[in-house]
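So the chains spell out like this:
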Amino acid sequence: MSAPAAGRYVGQAVQRKEDPRLLTGHGRYVDDIVVPQMLHAAFVRSDLPSARITAIDVSAALELEGVSAVFTGADLNPGAGTMQPSMMAENPAAVVAPLTPLAGDDVRFVGDPVAIVIAESRALAEDAAELVVVDYEPRDAVASMEAALADGAPLVHPELGGNVASDLALPEDPELEAIFASAAHVVTERIVQHRHTPTPMETRGVVASFDPVTDQLEVWLSTQGPHEARRTFARVSGLPERHVHVRMGDVGGGFGQKFFTPREEQTVVLAAKRLGAAVKWIEDRRENLLAANHARSDVATVSLALDAEGHVLAAKLDHLEEAGAWPVGGTGGVGPFVAMLFPGPYRIPRIWWRSRVVWTNTAGRGAYRGPWMFESVAREQMLDVAARATGIDPLELRRRNVVGDDEQPFTMATGMTFSATTSATTLEHAARVIGYDDFRAEQARARAEGRLLGLGIGLYIEPTSTPAATLGVEAATVRVESGGGVTVFLGTAAHGQSIETTMAQVVAEHLGVAYEDVRVVQGDTDRTPFGGGTGGSRTAVIAGNATREAALKVREMVVGVAAHLLEAAPEDLEVHDGVVAVRGTPVRNVSLAAVAAAVHNAGTGLPPDVPRLLEATGRYQTSSPTWSNACHICTVEVDRITGQVEILRYVVSEDCGRMLNPMVVEGQVHGGVVQGIGGVLYEHFVYDDAGNPLTTTFLDYLVPTAAESPRIEIDHVVTDGPNPEGVKGMGEGGAIGSVPAVVNAVADALAQVGATVTEQPLTPVRVVAALEAAGA
Amino acid sequence: MKAAPFDHHAPETVAEAAALLAEFGDEAKVLAGGQSLLPLLSLRLTRFEHLVDVHRVAELHGITRTDDALRVGAATLQAEAEHDAVVAAAVPLLARALPHIGHFQIRNRGTVGGSLAHADPASELPTVALTLGATFEAASVRGTREIAADDFFTGTWSTALAEDEILVGTRFPVWAGRTGYGFAEVARRHGDFALAGVAAAVALDADDRITRVAVGMLGVGATPVRAGAAEAALLGTAPDAAAVTEAARAGMAALEPADDLHATGAYRRRVGAHLMETALGAAIEEARRG
């Protein structure tokens, strides 16, 4: 396994094209968009988790000077098209909540939008929103999966007849039960991962402008997918897609929250269309925490059967996933993926699973960096539980069960097949970098002094670039401009991934131009090819290979023209940094600018067999995921008095194939790891039993800051990905491996004094409670 | 998150500010650094028709030292006090508490008087003022008066200041002799409000006996509180480590912290006793070196 060599540009940590504007505060976001005579929107939201609306009085709000309109469900809901994303809207079998632009006869979570106020300023719109009087008849709500599943529980969506959105399970398996009955070790645990919310630094936002004369809708959007947004806006508004133009500028993070096109953005579009005006809505932080899609909230009872040597023989997984009231992206149901991916990088010969998705009167679930990652949380925690039960060291237990690098393709008991991953290698690398044996000795010394140190491992494989619906395809157009510069048009939607940098590197490498001479255009449905959006760790693989193909096609055109100009054979030419030269005779050369001039100047008279264009579109399509993998290991110290967790060291050994830009890869890993740490130790979106949200400001919803972020040591294992560019997706992975690594490290520390934790978040209070329960 | 409409007033003297407060009564609020008030206004958790912005009132700014007191003008920035050598020398406990307030960006805007008048029981400065027995100077159109720290903090976010009164300055006593100070707190993240915190000050005689001791806590009640039982246990003694531990336990046992989203009362009691032991231990150690 030798690492592929880096190219002249690909594989280099070139400086980011995004940095000069972003680092100097000159990014241009949706809130920077100003349209003449633009109006501003604010939503009136439910403050009850479940209630029938008996009356809405908007008269006082309408009387306020500067208020243009107040719309309720009665105004905007009739005639609105489906609000579901394309993959649900086009799937007649999909189970979806009956989502409307604004609440109809009732509200189903605190934050449900009841009315939209349009006024001359946002402040005025908020003043008017306070004057809208909504009469409610409160109903009992279900604020947790446990409450929703209880006999006689109130229904979140009475139309659907039950609180279970989906219930999938394998048939009973007597052979598996026999394995469990005779296994040397059986461990069972209830694993809980709590509710998070993605909290992008830039909240959601939209400016929608409708011209009733031309029937043209112009939208500026903070999004991860302008093309999907265009389709969504066309469906909900009834406008033809060609009359909907969606643009995005810089986007301050999404983490999945902006992957589909949420309800409020669609409602603002309908309001703008109704008014024939331009309307801006910038979500404030309270709204973002309250009503933008939440994430995680999973519970599973997991059992493993192991033989005396610690080989896993079988597994059982009974999984519950909370959908909330209005999940973004259909049911939000990634539950089956959690089950299908549960075996991860290990040989688990037999498995039974059940996965249920449950409605509750809470904010809807949606995508969040590694939406199905609970599989890694449940599996990696269980392996440590098994290690303690069998007395086998957790690293050694993983060694005995991990699928070797040379044992692939490997098909899991769930039917998923993965290939070209290096879990066994990254496990060893991470253990070596952290100094595994030395740490165990240090841990024992600290224990003798009464201090609690711990080490946790999170090993996972990740299906990236999963080709669901439109997500398996991407196109890229590369054009040499008349002066010789290069513009690349992509259907991607960067919101922190450095796509302008990495795709310019790909073009510079394969077309043979200088990195500085390439500009990437994305985020505009009128200018770029269709694209599935940026998310799902798909851009490097799918857009990257499309861009590569387009660059190579244009290179061939450039060479064809240059061959004519140089009177040389095309196969004798090479292209580097914008100069086409005869191989071995570099003085015989022509610049890309001269080639472009020849093509763009009709007087030059190129013969018919010479390319007349310097523009091409590449397309890449995949029908199966590209697997990447990593091993996270961290060490912690748990304060026995305060229950606070300090991360001592954090190591990642990862394989994302050939790296387009190692600096960008490491930035993505850093961000994901910090999100995972935040999720385990700090972030928790809390509802009380009645369904009232308790963490609607950053005073109470605690995101990790630089002060909580450890130094992260990264080891790269580089193997070729199964595509021409040799890449594998990696944007989400940091947030996947970090969670089990941190949980396991804390559990490892506590286990020394007989204390156990299987439920997140690991707050100081919970850690202290575990210590006290163990009498420690 | 836009505040409801208000009128912004920018007086340049205390007299003008007091006149505005007298004129508008409960419809007016003093705006200092805005680090607490503006979020509350933006969330519409509170609203005032009139904000009296004291930023331009020159006489509210500045730090002065006399023999037995350090006077900090109410509108003095927390960052200014934090980095002031006079503060560090005269009232070390104040200097040690200041860096625990939020983040430096907050301290660059937040004022000493603003934090004291806001009177959040989980914030640092009220506890320092109570612990050291500071004196608050208030002004109104009716005149000026002084309020002792023991009488100043009347409840969560409420003080003895009348509706028409403005906090002008605070005098922190300067302790003389062999003194030592400790400040310790536990927060969820760096810069968060403390789950519990302790400020401690001690003075020793030549035989290391404690002649003066003050212990205050934040985050364990509706107001900052003194741990009187701990003080009583230590006064007049030359405690060893076990005695300090016992005093801290006694000090904490007398308090009944409440549960909230971030910690239970039981957790606060456990951690509070530990912090008290830590802060007292550090204070005594420092005084013995003096």
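Residues numbered from 1 in each chain as written. Chains lettered and ligands numbered in written order. Predicted model: local features only at pLDDT ≥ 70, side-chain atom pairs only at ≥ 80, totals over all residues. Heavy atoms only, no water.

Focus on the environment of Ala129(A)
Residue and element names in this part refer to chain A. As a reminder of what qualifies: Runs of E in the DSSP output that reach at least two residues are strands. Runs of H or I that reach at least four are helices, and both are numbered from the N terminus. Pairs of residues are marked as contacts when any of their non-hydrogen atoms sit within 4.5 Å.
Inspection of the secondary structure assignment puts Ala 129 in helix α5 (residues 122-131). Distance in space between the C-alpha atoms of Ala 129 and Arg 242 is 34 Å, their sequence separation being 113 residues. Here Ala 129 is in contact with Phe 43, Val 44 and Val 117, once residues within four sequence places are set aside.

Side note on a negative patch on the surface
Residues and elements named next belong to chain B. The following threshold applies: The patches reported here contain residues having more than 30% relative accessible area and no salt bridge. Joining distances are 9 Å for like charges and 5 Å for nonpolar side chains (Val, Leu, Ile, Met, Phe, Trp, Tyr). The method behind every accessible area is Shrake-Rupley, applied with a 1.4 Å probe, and residues are considered shielded solely by the protein chains displayed. Salt bridges, as used here, are contacts in which a Lys or Arg side-chain nitrogen is within 4 Å of a carboxyl oxygen on Asp or Glu. A residue counts as positive if it is Lys or Arg and as negative if it is Asp or Glu; His and the chain ends are not included. Throughout, a charge is located at the NZ atom of Lys, the CZ atom of Arg, the CG atom of Asp or the CD atom of Glu. The cut-offs for exposure are 20% and 50% of the maximum accessible area for each residue type, with area from a 1.4 Å probe on protein chains only; residues under the lower value are buried, those over the upper are exposed, and the others partly exposed.
On the surface, Asp 7, Asp 26, Glu 27, Glu 49 and Glu 163 cluster together to form a negatively charged patch. Take Asp 26: it is sitting in the loop between α1 (14-24) and β2 (28-31). We classify Asp 26 as exposed; its relative accessible area is 55%.

With respect to the packing of helix α12 (residues 374-390) of chain A against helix α20 (residues 734-751) of chain A
Residues and elements named next belong to chain A. What counts here: Every axis corresponds to a line fitted to the C-alpha atoms, with the helix fit spanning only the stretch in contact, and the corresponding angles, defined between N-to-C directions, vary from 0 to 180 degrees. We call two directions roughly parallel when the angle between them is under 35 degrees, roughly antiparallel when it is over 145, roughly perpendicular when it lies between 65 and 115, and oblique otherwise. Helix crossings fall into two classes, left-handed where the near helix is turned counterclockwise from the far one by less than a right angle and right-handed where it is turned clockwise. Residues are sorted three ways: Asp, Glu, Lys and Arg are charged, Ala, Val, Leu, Ile, Met, Phe, Trp, Tyr, Cys and Pro are nonpolar, and all the rest, Gly among them, are polar.
Between α12 and α20, the least distance of the axes is 9 Å, while the angle of their chain directions is 25°. As judged from the angle between their axes, α12 and α20 are roughly parallel. Here α12 and α20 pass one another in a crossing that is right-handed. Side by side, α12 and α20 meet where Ser 376, Val 377, Glu 380, Gln 381, Asp 384 and Arg 388 of the first sit next to Ile 736, Val 739, Pro 740, Val 743, Asn 744, Ala 747, Asp 748 and Ala 751 of the second. A per-class count over the contact of α12 with α20 returns 7 nonpolar, 3 polar and 4 charged.

Observations regarding the sheet that holds strand β6 (residues 133-138) of chain A
Residues and elements named next belong to chain A. Spelled out, the test is: The rule for pairing is simple: two strands pair if DSSP sees at least two bridges between them.
Pairing is antiparallel in the open sheet, where 3 strands are placed in the order β4-β2-β6. This sheet does not close on itself; its edge strands, each paired only once, are β4 (106-107) and β6. Of the strand pairs in this sheet, strand β2 (residues 51-57) and β6 are connected by 6 bridges, and their pairing is antiparallel. Residue pairing across strands places Ile 53 opposite Tyr 136, the latter belonging to β6.

Some points on the domain arrangement of chain B
Frequently, the measure chosen for interface size is the accessible area that the parts lose on association. The line we're drawing: Domain delimitation in this document rests on an assignment produced automatically or drawn from a domain database.
Considered domain by domain, chain B is made up of domain 1 (7-53), domain 2 (58-173) and domain 3 (178-289). On a C-alpha basis, the centroid separation for the pair domain 1 of chain B and domain 3 of chain B is 35 Å.

Things to note about the interface of chain A and chain B
The criterion, for reference: By definition, the buried area sums, over both parts, the 1.4 Å-probe accessible area that each loses when the two are put together. Polar contact criterion, stated in full: a pair of N or O atoms within 3.5 Å, where within protein one must be able to donate a hydrogen and the other to accept it, and residues adjacent in sequence count only if both atoms are side-chain atoms.
On the side of chain B, 22 residues touch chain A, which itself brings 31 residues to the contact. It is Ile641(A), Leu702(A) and Val765(A) in chain A that bury the most area against chain B; as a group they hold 21% of the surface buried on that side. In this assembly, chain A and chain B are joined by 5 salt bridges. The shortest N-O distance in the salt bridge between Asp127(A) and Arg44(B) comes to 2.7 Å. Seen at the junction of chain A and chain B, the total is 15 residue pairs in polar contact (both at pLDDT 80 or more). With 5 residues, the top contributor of residues to the side of chain A that touches chain B is α5(A). Here the side of chain A that touches chain B is built from residues that sort into 14 nonpolar, 6 polar and 11 charged.

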